[in-house]
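# Summary of structural features
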Amino acid sequence: MWRPRCASSSRLPDPVGDVVRGSRLANGLELRQVRVPLGVVGIVYEARPNVTVDAAGLCLKSGNAALLRGSASAFTTNTALIAVLTEAGEKAGLPAGFVELLPADRASVGELLNARGLVDVVIPRGGASLIQRVVRESRVPVIETGEGNCHVYVDASADPAIAEAVVLNSKTHRVSVCNSAETLLVHRDFPHLRRLLGALTDAGVTVHGDPAVLEAVGAGAPAVLPATDEDWAAEYLSMDMAVRVVDDLPQALEHIARWTTGHTEAIVADSAGAIAAFTAGVDAAAVLVNASTRFTDGGEFGFGAEIGISTQKLHARGPLGLPELTSTTYVVTGRGHIR
């Protein structure tokens with residue numbers, strides 16, 4: 001059931017012990033698949049010390065121990081936060097070490113990534129270089145989170161006002177996060193391309209456009225630059241956006257398939273056929289229809305706080321909330337059954 005956005009993980013339902021599914025088998029055995037903690041969760045993240053509190057709270061609520069490795073720039077703040085959390089945990093009767101802060105040096109990351117058998121899973125949260133290092137070097141299973149080269153496709157059938165609102169919010173609402181849109185694809189028959197480009201440049205966005213975009217805005221436009229393959233691949237995290245005019249929806253899907261990071265893809269369209277083809281044709285953790293890419297977020301989805309957005313297909317995909325920080329065990333109950 002959908003729940004409204006929660007400000008605190010303490011008010012979220014405890015996932016541990018939830019029965020995912022259950023049945024009575026033909027031989028009379030009772031079968032239940034039950035959520036259990038992952039165990040020891042290592043989280044490597046950059047900057048923002050709010051992640052320290054979110055990660056500790058989510059791991060605690062899901063029954064996991066947390067090993068946190070934050071950035072050097074926030075180490076003093078993180079140390080103070082962990083001290084407060086540890087004191088509160090001890091007063092509540094929690095075991096020592098339910099949350100620990102690792103040193104903010106490169107060696108600590110290496111030790112964490114090689115702690116197979118001691119650490120059950122590692123979750124990296126940060127920029128592309130951090131995520132790639134963890135995925136490349138870890139001997140511990142990894143849940144890969146969110147590099148976000150997110151696309152917005154504007155179909156020929158799109159309402160121009162909705163297209164403008166969705167594109168501007170996707171790009172400009174907060175440019176430094178993984179669910180900010182980086183590439184805009186516009187159907188050749190959409191009649192309001194110039195209006196859309198003008199809205200972007202008026203908002204302070206530098207457009208990196210293909211030849212059709214450069215032709216639409218006219219030569220010498222100050223906020224429009226020629227696009228290259230580097231632009232189609234870029235996670236700008238800035239007031240920049242790559243823009244391409246496509247011949248049709250299949251060409252948009254082809255472009256996305258080549259350049260996507262699997263985070264979030266959005267379509268703006270009135271055509272039910274275009275929407276159905278797009279949602280079936282893209283391969284991403286989240287697909288938005290006539291809505292901003294900025295909604296791909298655990299809080300916005302009603303999950304409460306999150307560790308990050310998983311862009312892989314195993315073990316979880318999309319926002320990593322409490323249920324995603326659990327595994328499952330099959331509990332089979334008999335009455336002297338033998339096989």
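Our subject is the structure that appears above.
Read on for a plain summary of the structure. (Residues numbered from 1 in each chain as written. Predicted model: local features only at pLDDT ≥ 70, side-chain atom pairs only at ≥ 80, totals over all residues. Heavy atoms only, no water.)

### Quick look at the sheet that holds strand 5 (residues 99–101)
The strand order across the open sheet built from 4 strands is 5-4-3-6, with neighbouring strands paired in parallel fashion. The strands lining the two open edges of the sheet, one partner per strand, are strand 5 and strand 6 (121–125). The sheet shows a mean angle of 20° between the axes of neighbouring strands, taken without regard to direction. Where strand 3 (residues 40–45) and strand 4 (residues 65–69) come together, 5 bridges link them in parallel fashion. (Pairing = 2+ DSSP bridges. Helix = DSSP H or I, 4+ residues; strand = E, 2+ residues; numbered from the N terminus. Axes fitted to C-alpha atoms, helices over the stretch in contact; angles between N-to-C directions.)

### Side note on unusual backbone geometry
In the segment running from L314 into H315, the intervening peptide bond is cis, with an omega of -5°. Positionally, H315 belongs in the loop between strand 14 (309–310) and strand 15 (318–319). Phi angles above zero are rare outside glycine, and L237 is one such case at about 55°. With respect to the element layout, L237 can be found in the loop between helix 8 (229–233) and strand 11 (240–246). Assessed through its relative accessible area of 35%, L237 is described here as partly exposed. We note that N290 has phi near 55°; this positive angle belongs to a residue other than glycine. Judged by relative accessible area, N290 falls into the partly exposed class, the value being 31%. (Buried < 20%, exposed > 50% of the residue type's maximum accessible area, 1.4 Å probe, protein only.)

### Quick look at the nonpolar core
The biggest cluster of nonpolar side chains holds 29 residues, and the ones touching the most others in it are V152, V154, V167, L184, L200 and M241. The set of elements that each furnish at least two residues to this core consists of strand 7 (150–154), helix 5 (160–172), strand 8 (181–187), helix 6 (193–202), helix 7 (211–217), strand 11, strand 12 (264–268) and strand 13 (286–289). Looking at this core, the element that brings in the most residues is helix 6, giving 5 residues. Those residues in contact with V167, other than ones at most four positions away along the chain, are V152, V154, L184, L196, L200 and M241. Grouped together as the second largest cluster of nonpolar side chains are 24 residues, Y45, L58, C59 and L325 included. (Core = buried A, V, L, I, M, F, W, Y, C linked by side-chain atoms within 4.5 Å. Contact = heavy atoms within 4.5 Å.)

### Digging into the pattern of salt bridges
With the rule as written, the count across this model stands at 10 salt bridges. Across the salt bridge formed by E137 and R136, the nearest N and O atoms sit 3.9 Å from each other. Relative accessible area serves as the criterion here: at 59%, R136 is assigned to the exposed category. Between R195 and E164 there is a salt bridge, and its shortest N-O distance comes to 2.9 Å. Here R195 is found in helix 6, whereas its partner E164 is found in helix 5, with 31 residues between them in sequence. Connected via shared salt-bridge partners are R133, R136 and E137. (Salt bridge = Lys/Arg side-chain N within 4 Å of Asp/Glu carboxyl O.)

### Focus on the pairing of strand 2 (residues 30–37)
Judged from the 5 bridges that link them, strand 1 (residues 19–24) and strand 2 form a sheet pairing that is antiparallel. Its bridge partner being in strand 2, R24 is matched across the sheet by E30. Between strand 1 and strand 2, which pair antiparallel and follow one another directly, the connecting turn spans 5 residues, one of which, G28, has a positive phi of 95°. In terms of strand pairing, strand 2 meets strand 16 (residues 326–333) through 8 bridges, oriented antiparallel. When the bridges of strand 16 are listed, V36 appears paired with S327.

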